[in-house]
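Okay, here's what each chain looks like letter by letter:
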Amino acid sequence: MKYVVCVPDGCADEPVEALGGRTPLEAASLPTLAALAGRGEVGRAAVIPPGMPPGSDVGNMAILGYDPAEYHTGRAPIEAAALGLKLSPDQVAYRCNLVTLGDDGTMVDFAGGHPSSAVAEEVIDALEAELGGGGVSFHPGVEYRHILVAPAAWAESDCTPPHDLSDKPAVFPTGPASSQLRGLMDASRSVLQRFDLPATQIWLWGQGVQPEMPSFTDRWGLDAALNSAVDLVRGLGVLTGIEVLDVEGMTAGYDTDYAAQRESALDTLADGADLVLIHVEATDEAGHAGDVAAKVDALERWDRDILTDLVTGLDRLGPWRLLLLPDHATPLHLKTHTPDPVPYLLVDSVRPGPGGAYTEPAVAGVAARPGHSLMGRLLRGD
Ligand SMILES: [Zn+2]
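Given the structure is predicted, the values throughout are model-derived calculations rather than measurements.

### With respect to the overall build of the protein
Line of reasoning, step 1. A tally of helices and strands in the protein yields 13 helices and 13 strands.
Line of reasoning, step 2. In terms of C-alpha radius of gyration, the protein reaches 21 Å, essentially the compact-globule figure of 21 Å for 382 residues.
Line of reasoning, step 3. Seen through its principal axes, the protein has C-alpha atoms that stretch 60 × 45 × 35 Å.
Line of reasoning, step 4. The proportion of buried residues among the 382 residues of the protein is 55%.
Line of reasoning, step 5. A sequence separation of at least 24 residues applies to 72% of the contacts in the protein between residues at least 6 apart.

### A short note on the layout of surface pockets
Line of reasoning, step 1. By volume, the largest pocket is sized at about 1300 Å³.
Line of reasoning, step 2. The wall of the largest pocket is formed by 42 residues, among which R75, H163, W205, H288 and H337 lie closest to the centre.
Line of reasoning, step 3. Contributing elements (two or more residues each) for the lining of the largest pocket: α3 (56-63), β3 (91-101), β7 (201-208), α9 (231-240) and α11 (282-289).
Line of reasoning, step 4. When residues of the lining of the largest pocket are assigned to domains, at least three map to each of domain 1 (2-72 + 213-380) and domain 2 (80-208).
Line of reasoning, step 5. Of the residues that constitute the lining of the second largest pocket, the class distribution is nine nonpolar, three polar and two charged.

### Focus on the coordination of the zinc ion
Line of reasoning, step 1. Summarising the metal site, the zinc ion is bound by the protein donors D284 (OD), D284 (OD), H288 (NE2) and H337 (NE2), whose distances to it range over 2.0 to 2.6 Å.
Line of reasoning, step 2. Of the residues examined, D284 reaches a relative accessible area of 3% and is grouped as buried.

### Focus on empty space enclosed by the protein
Line of reasoning, step 1. In this structure the tally under the stated criterion is two cavities of 30 Å³ or more.
Line of reasoning, step 2. There is about 50 Å³ of room inside the largest cavity.
Line of reasoning, step 3. Its residues assigned to classes, the lining of the largest cavity comprises eight nonpolar, no polar and one charged.
Line of reasoning, step 4. For the second largest cavity, the calculated volume is near 40 Å³.
Line of reasoning, step 5. For the second largest cavity, the full set of lining residues is E79, L83, R95, G141, R145, H146, I147 and D231.
Line of reasoning, step 6. Sorting elements by how many residues they give to the lining of the second largest cavity places strand β6 (residues 145-151) first, with three residues.
Line of reasoning, step 7. In terms of residue class, the lining of the second largest cavity is made up of two nonpolar, two polar and four charged.

### Notes on the nonpolar core
Line of reasoning, step 1. L310 and L325 are the most contacted members of the largest nonpolar core, which totals 80 residues.
Line of reasoning, step 2. It is helix α12 (residues 292-317) that provides the largest number of residues to this core, a total of 10 residues.
Line of reasoning, step 3. Judged by nonpolar contacts, the second largest core, of 34 residues, contains Y94, L101, I202 and L204.

### Some thoughts on the packing of α11 against α12
Line of reasoning, step 1. At a closest axis distance of 8 Å, the pairing of α11 and α12 adopts a crossing angle of 170°. In this view, α11 runs roughly antiparallel relative to α12, as classed from their interaxial angle. Counted together, A282, T283, A286 and G287 of α11 and A294, K295, A298 and L299 of α12 form the full contact between these two elements.
Line of reasoning, step 2. Taken together, the residues that form the contact of α11 with α12 break down as five nonpolar, two polar and one charged.

So, how was this worked out
- Residues numbered from 1 in each chain as written.
- Predicted model: local features only at pLDDT ≥ 70, side-chain atom pairs only at ≥ 80, totals over all residues.
- Heavy atoms only, no water.
- Helix = DSSP H or I, 4+ residues; strand = E, 2+ residues; numbered from the N terminus.
- Rg over C-alpha atoms; globule rule 2.2 N^0.38 Å.
- Buried < 20%, exposed > 50% of the residue type's maximum accessible area, 1.4 Å probe, protein only.
- Contact = heavy atoms within 4.5 Å.
- 1 Å grid on protein atoms, 1.4 Å probe; cavity = no way out; pocket = protein on both sides within 12 Å on 5 of 7 lines; lining within 4 Å.
- Points joined across faces, edges and corners; volume = space filled by probe spheres on them.
- Domains from an automatic or database assignment.
- Nonpolar A, V, L, I, M, F, W, Y, C, P; charged D, E, K, R; others polar.
- Donors = N, O, S within 2.8 Å, 3.2 Å for Na, K, Ca; no water.
- Core = buried A, V, L, I, M, F, W, Y, C linked by side-chain atoms within 4.5 Å.
- Axes fitted to C-alpha atoms, helices over the stretch in contact; angles between N-to-C directions.
- Parallel < 35°, antiparallel > 145°, perpendicular 65-115°, else oblique.

Distances and angles like these do not, on their own, reveal function.
Structural data, given as structure tokens:
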């Protein structure tokens, strides 16, 4: 038996005026998805447990079958894992953004003008030289997204994600470790001044200690792999012993090579893997941009460039089961994530299900299952 998990990030939505009151999943032309839904089981999944932040770290952890309420410690340690950092028990990881703060303390740009990774690495090296030591170290990541490792005692603080502060007055960390965090954030300003960049300082948030996640193979006795260009998803692979695939042309934008992600999944299954997860960010990106056409287009590309030939390829490999769902909703009119349950689809190539339509309204009245319970249902076939 082969298993595929398909994650169109943030694809679930709400009725959109420009689509005549339909959601993107209703409005898009998705013939293969409709055929799969017609022979499978469509339901509703609470991928974000009550009270938890509706992020891709939480939602994808649930999709991989790990209850976020039990295993999620923060998003930074997951991103740290994607960078190859292993935290010891006496360490905490913080996400370290390069941000632009206005003179009046307004969060002008949580992405610090999107510096190139190469320039950002010089900044992070300078921060390490100037402010590192005493258990504190800076680690370069991608563009404006970096990691600070600090003593575990620094974990106790309340931090605001900088993207929640866009064009608003900055809200600095509070709690027992706030003075250390604020000290570093303030001290970073003189280092950033030496660079001719829009970014003015660092912003620390998203902290957590290393999560203790049992390996996917130990749990299920199966070999799994995933392809995704997103650090959070790749980091979850590292933390659970799921092989993280590199795919030429795979990006976290609209331009990802959908067909290459599909072929990578089929090749990996043909080479012996039992399960492959395909994660594409484009639907979430379109949600954040409020770009209706881009979201519909990203869904149609899923159908045309992934699902259609994926089904043909899977049929050649033998019996298979497929699970499809997003890690959260990213409604176009809100341009941000919501914790609302999302539609899921389970398909068994041999055993037909009750059938349904894979849309939000079709499952609106259905009780939501915990998102992390679906992996077990996929693998057991119950
Ligand atoms: Zn998002």
